[in-house]
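Secondary and tertiary structure notes
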Amino acid sequence: MHIRKRGLASGIACALMLVSAGAAPAFAQEAPTGQTVDPTAKKPSTANATKLEQVTVTAQSRTQEMQEVPIAMDIVTAKQLDAVAATDLSHMNLFVPGLVVDNTDATQPTYRLRGIETNDFGIGTDSAVGVYINGIYQTRSGGSLMAFNDIARVEVLKGPQGTLFGRNTAAGAISIITNDPVDRFEGNARVRVGNYGKRYADALVNIPLNSDMALRVSVVDNQSDGWKQDAATGQHYGKDDEWGARAVYRWNITDDTQLKLAYDHDRVKQPSRMDVGLVPMPADNLYARAPFPANPSTFYDPIHAPFYNSATDGREERNLNDWTLTLDHNFRWGTFTSTTNWTGYGMSHVENGTGLQQIPEYLNTGVIGDGNTWYQEFKFTGNTDLMDWVAGASYYQEHANQTNLARVNTDTYDTLALNTGVGQQYTPTGTIFGYFDSVLQAIGLPYRLLGDPWTETITNHGRYSAGAAYGDVIWHLDDKWDLTTGLRYTHDNKDFSWYTPTRSAPELDNTLAQMQQAGLLNLVSLLTGGKVTGQQLVALLQQNQIFATSVNENVKKNASWNDFSPRLVLSYKFSPDMMGYVSVAKGYKAGGYDGTEPGAEFAPERVWNLETGFKATFPDQNLLVNGSIYYYRYDNVQTLTVIPTTAGFNVPEYQVSNTNQEAKGLDLQVEWVPLDDLRLAFNGGYIDSTYTSAKIPTGLSTTNQIVYTDVSGQPVSEPKVSYSVSGGYTWHDVANGNLSFNANYGFRGPMRCNDASVYQGKCALPTNFSLNKAQERTDLRLDWSAPGNRWGVALYVNNLFNKQYVSGLGTISQSVLGTPYAYITPPRMWGAEFRVKF
């Protein structure tokens, strides 16, 4: 590329262009695409990559990125991912302080960074932590948790990245960079086998088609038999079943123009996640009801509890296809990049909602959806003696559909009637179906009312568009001082709809119709002591009891939001190897809708972050030390909460509510190479996160009103301390090769509790297990490689000390069925790896 540094006049002209671009109401969403670059490939690229490009596109090496960019960030290389046998982002937990990726639901993962998390499962919300693959934003139901496939590195940028990456990065951004085609033949293959039937394989081939074209194809297949069994059926859960493929074609059209076309496919087909029931129940009595209310002192420790899954069609499935076309062109004054992407996906998630096998406690929940996104970005970059600059505009469009479902049976209906006391209004025994079923049996009639399935749904349709224009300039004030100014304008528009049909219970409806035809409903008033007539009973049994609002109404809403997200950074080079900086930046996440509450809308999230830090290397000591201190104030955090309801049988619902939070914290990173073959590292973080304004539902009053608890000034659940320690050593000339040993230890402190934590499943009631205890994990790897890495073998173990933890509680069914359940982390995993390079 032939970008030349020019004089002050050119700088002024570029600045005017940036101001014009920043003021225009054009359309944008995400950050510019970043790729690793092969130095032998013909491509349009600057001879001196700008510092800004190192932020948004990544630089040539990890050290340059970390030390030249005034942003708190962690870089995880492909080698580091291999050291812990990571297959997706969730395997980085505990090793990147402050980052938590929850993959208990593989099709709807959640991301937490610096204490901020969006844990809603609906299509009406977005994550506050943006996930990007080669600069393309990934929806949570789409490709945000795809299998790692030919990965170069993962960048975790902490704090709001609204100016450079755009919307939905209020807490930070995770940027996954894959490898590009190169101008030489390259190929490799790898196989891993391990306990619990682990079978993993990946392979790639890079083929130069001619002097200007190259093709790179990679595949990955990840399988296992699962690590927990259903105590009744013997079926395995915790299984892996994911397959992915990636193909990239590169064409250097001219010395200054390059085209890339990439295709990604990812397929997940796994059993449903494990909801481990906490209430001891008799294994030989499938018709027993759980004690109500539940007694926490009798709960199982979920690590050792028997597991049951009554969801006969329980599943976690996703099918994703993604196309990206990138065109780069070199001008004398800079570079132009066009990025076009289309992604389509389908997904389904169905699980057991109680963790029990008993028929009267039967509850299945889930979501089934599909969608597609289209994204177009135009970006310009360049540099002069005065500045490094970037400007651009883009447009993002998403169409998404989702059906939220809840399945029970008429036995479950009776459990709800008994536990809520509603049944006493209709029958002497408090049950409804059970009472009339027993009467019908007593008089010898063939009609049965128990055991019939009952399904309720809410269907959502979302049509979204997002646009913005952005500009960012690094001003070189002198040899030591740099001033970065950036601004992004964003416009979001969202159309959303809810449709709640009448409950589906065809077997029950058929029985009621037969009973009505036989004239039996005329006896209802007599059998209930005049509490209800036959027609009133039929009307009751045809009503929704779970999704009980706006039934048979098509509720629609539309909303738009505008945002300006600036950033200002002042940095100073104390020496060529030491930099200090202070920054202020704003982040933004669009507003949205609650998919299970018709008409519910919530405001956008906005965060202001003030940060100061330093980045230093000490070459003589082979030492790197980076640190930062930050404070943020976060408004309208969109949080999924359990809301008690007064409709139907008072079945609680998941709803999204807004809270305000603030946090202060620090990050510290140290890398030291005391010997040529010894590497040591420490990466830690401290955060004190509290609510500034928050009222969270915690139950119903005696008058059937929702009770809200004010937790303002109390801690958010984020632990105060998290850190990782790692080390590696290499011995040479071992069996004519190199032998390497790597050890990684991660620690995440105890979860903090507030007055609403127990009801929301964030902290445990007094039981014989702990929900909020500190978590630790130790991973080891011993690796031998032949000269030139032509082939190699390795042994690895994850979670060496077999420490399992309760990662969360499901309380949605506790208040009416008395059946809380828990999620648990996996046990120790070990295996062997074989690889070859050709």
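About the cut-offs
Residues numbered from 1 in each chain as written. Predicted model: local features only at pLDDT ≥ 70, side-chain atom pairs only at ≥ 80, totals over all residues. Heavy atoms only, no water. Helix = DSSP H or I, 4+ residues; strand = E, 2+ residues; numbered from the N terminus. Buried < 20%, exposed > 50% of the residue type's maximum accessible area, 1.4 Å probe, protein only. Contact = heavy atoms within 4.5 Å. Areas by Shrake-Rupley, 256 points an atom, 1.4 Å probe, with all protein chains shown as cover. Salt bridge = Lys/Arg side-chain N within 4 Å of Asp/Glu carboxyl O. Pairing = 2+ DSSP bridges. Core = buried A, V, L, I, M, F, W, Y, C linked by side-chain atoms within 4.5 Å. Phe/Tyr/Trp six-rings, centres within 6.5 Å; stacked < 30°, edge-to-face > 60°. Expected span 1.5 Å × (residues − 1). Arc of directions from axis to C-beta. pLDDT = per-residue confidence, 0-100.

1. A word on the overall build of the protein chain
Within the protein chain, the regular secondary structure consists of ten helices and 39 strands. Counting only residues that meet the buried cut, the protein chain has 58% of its 838 residues in that class. For the protein chain, the proportion of contacts with a sequence separation of at least 24, taken over those separated by at least 6, is 72%. Accessible surface, the protein chain as shown: approximately 31,800 Å² in total, 57% of it carbon and sulfur.

2. Quick notes on the pattern of salt bridges
Applying the stated criterion across every chain yields a total of 44 salt bridges. In this structure, Glu 718 engages Arg 112 in a salt bridge whose closest nitrogen and oxygen atoms are separated by 2.8 Å. Here Glu 718, found in the loop between strand E32 (706-710) and strand E33 (721-734), pairs with Arg 112, found in strand E3 (residues 110-113); they are 606 residues apart in sequence, far enough to count as distant. Across the salt bridge formed by Arg 748 and Glu 718, the nearest N and O atoms sit 3.1 Å from each other. Taken together, the positions of Arg 748 in strand E34 (residues 737-748) and Glu 718 in the loop between E32 and E33 put the pair 30 residues apart, joining distant regions of the chain. No difference in accessibility class separates Arg 748 from Glu 718, as the two residues are buried. A cluster of three or more residues bridged by salt bridges with shared partners is formed by Asp 82, Arg 190, Arg 192, Asp 202, Arg 781, Asp 783, Glu 833 and Arg 835.

3. Section: the sheet that holds E3
With respect to topology, three strands assemble into an open sheet ordered E2-E3-E4, the strand pairing being antiparallel. What marks the edges here is a single partner per strand, and that holds for strand E2 (99-102) and strand E4 (116-117). Bridge analysis of E2 against E3 gives four bridges, and the strand direction is antiparallel. Along E3, the bridge assignment pairs Leu 99 with Leu 113.

4. Some remarks on the pairing of strand E19 (residues 364-383)
Of the pairings in the sheet, the one linking strand E18 (residues 335-352) to E19 comprises 18 bridges and is antiparallel in character. The partner of Tyr 345 across the bridge, within E19, is Gly 371. Hairpin connection, E19 to strand E20 (residues 387-409): the antiparallel pair is bridged by three residues.

5. A few points about the sheet that holds strand E8 (residues 172-178)
With mixed pairing, the five strands of this open sheet are ordered in space as E1-E7-E8-E5-E6. The open sheet terminates on both sides in strands that have one partner only, identified here as strand E1 (73-77) and strand E6 (136-137).

6. Brief notes about the nonpolar core
Counting residues in each nonpolar core, the largest one holds 83 residues, and the members touching the most others are Leu 89, Met 92, Phe 148 and Val 154. Setting aside residues up to four positions removed in sequence, Phe 148 forms contacts with Leu 81, Ala 86, Thr 87, Asp 88, Leu 89, Met 92, Val 154, Ile 176, Tyr 200 and Val 220. If you look at the next biggest cluster of nonpolar residues, it comprises 21 residues, including Trp 227, Leu 356, Val 806 and Ile 824.

7. Side note on the packing of aromatic side chains
By the definition in use, this model includes 29 aromatic pairs. Between Phe 336 and Phe 378 the ring centres are 6.0 Å apart and the planes differ by 15 degrees, which places this aromatic pair in the stacked class. In this pair, Phe 336 is assigned in strand E18 and Phe 378 in strand E19, connecting sequence segments 42 residues apart. For Phe 336, a relative accessible area of 18% puts it in the buried group. An angle of 85 degrees between the planes, with centres 5.8 Å apart, marks the rings of Trp 498 and Tyr 593 as edge-to-face. Within this pair, whereas Trp 498 is found in strand E22 (residues 481-499), its partner Tyr 593 is found in strand E25 (residues 592-593), the two being separated by 95 residues in sequence. Like Tyr 593, Trp 498 is buried. Following the ring pairs from residue to residue traces out a cluster consisting of Phe 331, Trp 333, Phe 336, Phe 378, Phe 380 and Trp 389.

8. Things to note about unusual backbone geometry
The phi torsion of most residues other than glycine is negative, and most of the peptide bonds are trans. The omega torsion of the bond from Phe 292 to Pro 293 falls at -5 degrees, within 30 degrees of zero and hence cis. Relative to the assigned elements, Pro 293 resides in the loop between strand E16 (276-277) and strand E17 (315-330). Positive phi, close to 55 degrees, is recorded for Asp 733, a residue that is not glycine. One can find Asp 733 in strand E33.

9. Considering the pairing of strand E5 (residues 129-133)
For E5, the tally of buried residues reaches five of five residues, placing the bulk of the element in the interior. Residues Val 129, Val 131 and Ile 133 of E5 are buried on one face, and the alternating residues Gly 130 and Tyr 132, pointing to the opposite face, are buried as well. Examined bridge by bridge, E5 and E8 share five bridges and lie parallel to one another. The partner of Val 131 across the bridge, within E8, is Ile 174. Examined bridge by bridge, E5 and E6 share two bridges and lie antiparallel to one another. Of the residues in E6, the one forming a bridge with Tyr 132 is Tyr 137. Taking the residues that link successive antiparallel strands as the turn, the E5-E6 hairpin has two residues, and the phi of Asn 134 there is positive, at about 55 degrees.

10. What about helix H7 (residues 506-517)?
The end-to-end C-alpha distance of H7, which contains twelve residues, comes to 16 Å, matching closely the 16 Å that a straight helix rising 1.5 Å per residue would cover. All of the buried residues in H7 are Leu 508, Thr 511, Leu 512 and Met 515. Angular distribution of buried residues about the axis of H7 spans 100 degrees; they occupy a single face of the element. When the buried face of H7 is taken as reference, the exposed residues oriented beyond 90 degrees from it are Pro 506 and Gln 517. Two residues or fewer past H7, Gly 519 is found with a positive phi of approximately 80 degrees.

11. Regarding the confidence of the model for the protein chain
Taken residue by residue, the protein chain gives an average pLDDT of 86. The fraction at 70 or more is 88%. Overall, residues 1-64 carries pLDDT values under 50, and its contacts beyond four positions in sequence, including any with other chains, amount to 194 contacts.

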